[in-house]
Amino acid sequence: MVEVTAQRIQTLGATVQQVDMGFETLHGGQKIKFPPAILAELGNDTTKATVCFYGHVDVQPAKKEDGWKSDPYTLTEVNGNLYGRGATDNKGPVLAWIHAIETYISLKKDIPVNIKFIIEGVEETGSPGLEELIKEHMDFFSDVDYVVISDNVWLSKKPALTYGTRGNAYFFVEVKSGKKDLHSGTFGGIIHESMRDLVYLLASLVDSTGRILIPGIYDDVAPVTEQEIHLYENIDFDIEEHKNNTEVNTFLYSSKEEILQRMWRYPSLSIHGIEGAFAGTG
């Protein structure tokens, strides 16, 4: 995908370079080479502003049994919409930028800004190496006036500007008890079971309203001001449509303002995986 994207951007007349992103060490110790990142630039008119577009062309794994109605890796048209892994996140937005530039060129119109691209293929892995790449290529970014990250989702038909995100912090918790597998029919009831303790621990992190119970987690969250409350009033957001899209019957909160604030400004806690005892088939 990086190769295809680089070639496509090159046809716009842009200068394109592929930058090494190093190696990933897998859980078993095996090392595999990351796909390179693309740095490209189109136009160097010093009288124009320079806009840098960020995007990525890698995807999360997908199988049809996950709930897809079509093969996730075959782009499929249904009622005028295109469905496929990465169509929204993030190949579609990358392609939209390329199409926009192609349109300017085909209409022989002057592109009003200089454009730079930074496109990677390891975003879904957490973008390892991206920070180092940016530091090593400071000259490339030195004249950038604006950065546009087209890697977000909005359900309304209206355009939206994303000017901040909550960010992520990952933690791994491991509970150990004995050193060997024990038969529950023989030993159950007389020992502390680490899987049960782990479930108890995870369940104690959040209450039934979604409030995180970890001490201090809200200390750095700014209180909601009257001015901010008014910002939510005119946002185009349909709660029922959002329920239908997420295929749930109810949310933890009932008003538009509460839901958007919980999605956008307050920290949330999710458990993304749990493993214990024997986890194979059967």
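Here we summarise the structure given alongside this text.

Rules used in this analysis
Residues numbered from 1 in each chain as written. Predicted model: local features only at pLDDT ≥ 70, side-chain atom pairs only at ≥ 80, totals over all residues. Heavy atoms only, no water. Helix = DSSP H or I, 4+ residues; strand = E, 2+ residues; numbered from the N terminus. Rg over C-alpha atoms; globule rule 2.2 N^0.38 Å. Buried < 20%, exposed > 50% of the residue type's maximum accessible area, 1.4 Å probe, protein only. Contact = heavy atoms within 4.5 Å. Areas by Shrake-Rupley, 256 points an atom, 1.4 Å probe, with all protein chains shown as cover. Lys, Arg positive; Asp, Glu negative; His and termini not counted. Charge placed at Lys NZ, Arg CZ, Asp CG, Glu CD. Pairing = 2+ DSSP bridges. Axes fitted to C-alpha atoms, helices over the stretch in contact; angles between N-to-C directions. 1 Å grid on protein atoms, 1.4 Å probe; cavity = no way out; pocket = protein on both sides within 12 Å on 5 of 7 lines; lining within 4 Å. Points joined across faces, edges and corners; volume = space filled by probe spheres on them. Nonpolar A, V, L, I, M, F, W, Y, C, P; charged D, E, K, R; others polar. Core = buried A, V, L, I, M, F, W, Y, C linked by side-chain atoms within 4.5 Å. Arc of directions from axis to C-beta. Polar contact = N/O pair within 3.5 Å; in protein donor to acceptor, adjacent residues only side chain to side chain. Patch = residues over 30% accessible without salt bridge, like charges linked within 9 Å, V, L, I, M, F, W, Y side chains within 5 Å. Salt bridge = Lys/Arg side-chain N within 4 Å of Asp/Glu carboxyl O. Phe/Tyr/Trp six-rings, centres within 6.5 Å; stacked < 30°, edge-to-face > 60°.

When helices and strands are counted, the protein shows nine helices and nine strands. Against the compact-globule benchmark of 19 Å for 282 residues, the protein has a radius of gyration of 24 Å, which places it well outside the compact range. Across its three principal axes, the protein shows a C-alpha extent of roughly 80 × 55 × 45 Å. In the protein, which comprises 282 residues, the proportion classed as buried is 25%. Looking at the protein alone, contacts between residues at least 24 apart form 66% of all its contacts between residues at least 6 apart. Looking at the protein as shown, the accessible area adds up to about 20600 Å², and 53% of this sits on carbon and sulfur atoms. Each charge class in the protein was averaged separately, 25 positive and 41 negative side chains, and the resulting centres sit 3 Å apart.

Overall, mixed pairing links the five strands, which are arranged β1-β4-β8-β5-β9 in an open sheet. The open sheet has two edge strands, β1 (15-19) and β9 (146-149), and neither has a second partner. Neighbour to neighbour, the strand axes of the sheet diverge by 15° on average, direction disregarded. Here seven bridges tie strand β5 (residues 50-56) to strand β8 (residues 114-120), and the two strands are oriented parallel to one another. Bridge pairing in β8 links Gly55 to Ile119. On the sheet, helix α1 (residues 2-10) packs against β1, β4 (37-42) and β8 and is oriented at approximately 160° with respect to β1.

Considered as a void within the structure, the second largest pocket measures approximately 420 Å³ in volume. Every residue lining the second largest pocket is counted, 19 residues in all, and those nearest its centre are Met1, Leu75, Lys91, Gly92 and Leu95. For the lining of the second largest pocket, the secondary-structure elements that each account for two or more residues are α1 and α2 (91-106). Its residues assigned to classes, the lining of the second largest pocket comprises eleven nonpolar, five polar and three charged.

A few words on the nonpolar core. The biggest cluster of nonpolar side chains holds 17 residues, and the ones touching the most others in it are Ile9, Ile38, Val94, Ile101, Phe117 and Ile119. Those elements that place two or more of their residues in this core are α1, β4, α2 and β8. Look past the residues within four positions of Val94 in its chain and what remains in contact with it is Thr5, Phe53, Gly55, His56, Val57 and Ile119.

Take helix α8 (residues 239-246) next. Among the residues of α8, Ile239, His242 and Lys243 are the ones counted as buried. Looking down the long axis of α8, one finds its buried residues gathered within 100° of arc, a one-sided arrangement. Where α8 is buried, its residues contact α9 (256-264). One side-chain oxygen of the residue at the start of α8 lies 3.0 Å from the amide nitrogen of Glu240, identifying that residue as Asp238. Directly after α8, the chain includes Glu247, whose backbone phi takes a positive value near 55°.

Before going further, it helps to examine a nonpolar patch on the surface. A surface patch of nonpolar side chains, amounting to about 350 Å² of accessible area, comprises Leu182, Phe187, Ile190 and Ile191. You can see Phe187 is positioned in helix α5 (residues 184-187). Here Phe187 falls in the partly exposed class, since its relative accessible area comes to 32%.

Turning to the packing of aromatic side chains, a few remarks are in order. The final tally for this structure, using the stated rule, is four aromatic pairs. Taken together, a centroid distance of 5.9 Å and an interplanar angle of 85° make the contact between Phe53 and Phe117 edge-to-face. Residue Phe53 is located in strand β5, and its partner Phe117 is located in strand β8; the two are separated by 64 residues in the primary sequence. Seen in terms of ring centroids, Tyr232 and Trp264 are 6.4 Å apart; in terms of plane orientation they differ by 25°. Their pairing is stacked. With Tyr232 in helix α7 (residues 226-233) and Trp264 in helix α9, the pair connects residues that are 32 residues apart, well separated along the chain.

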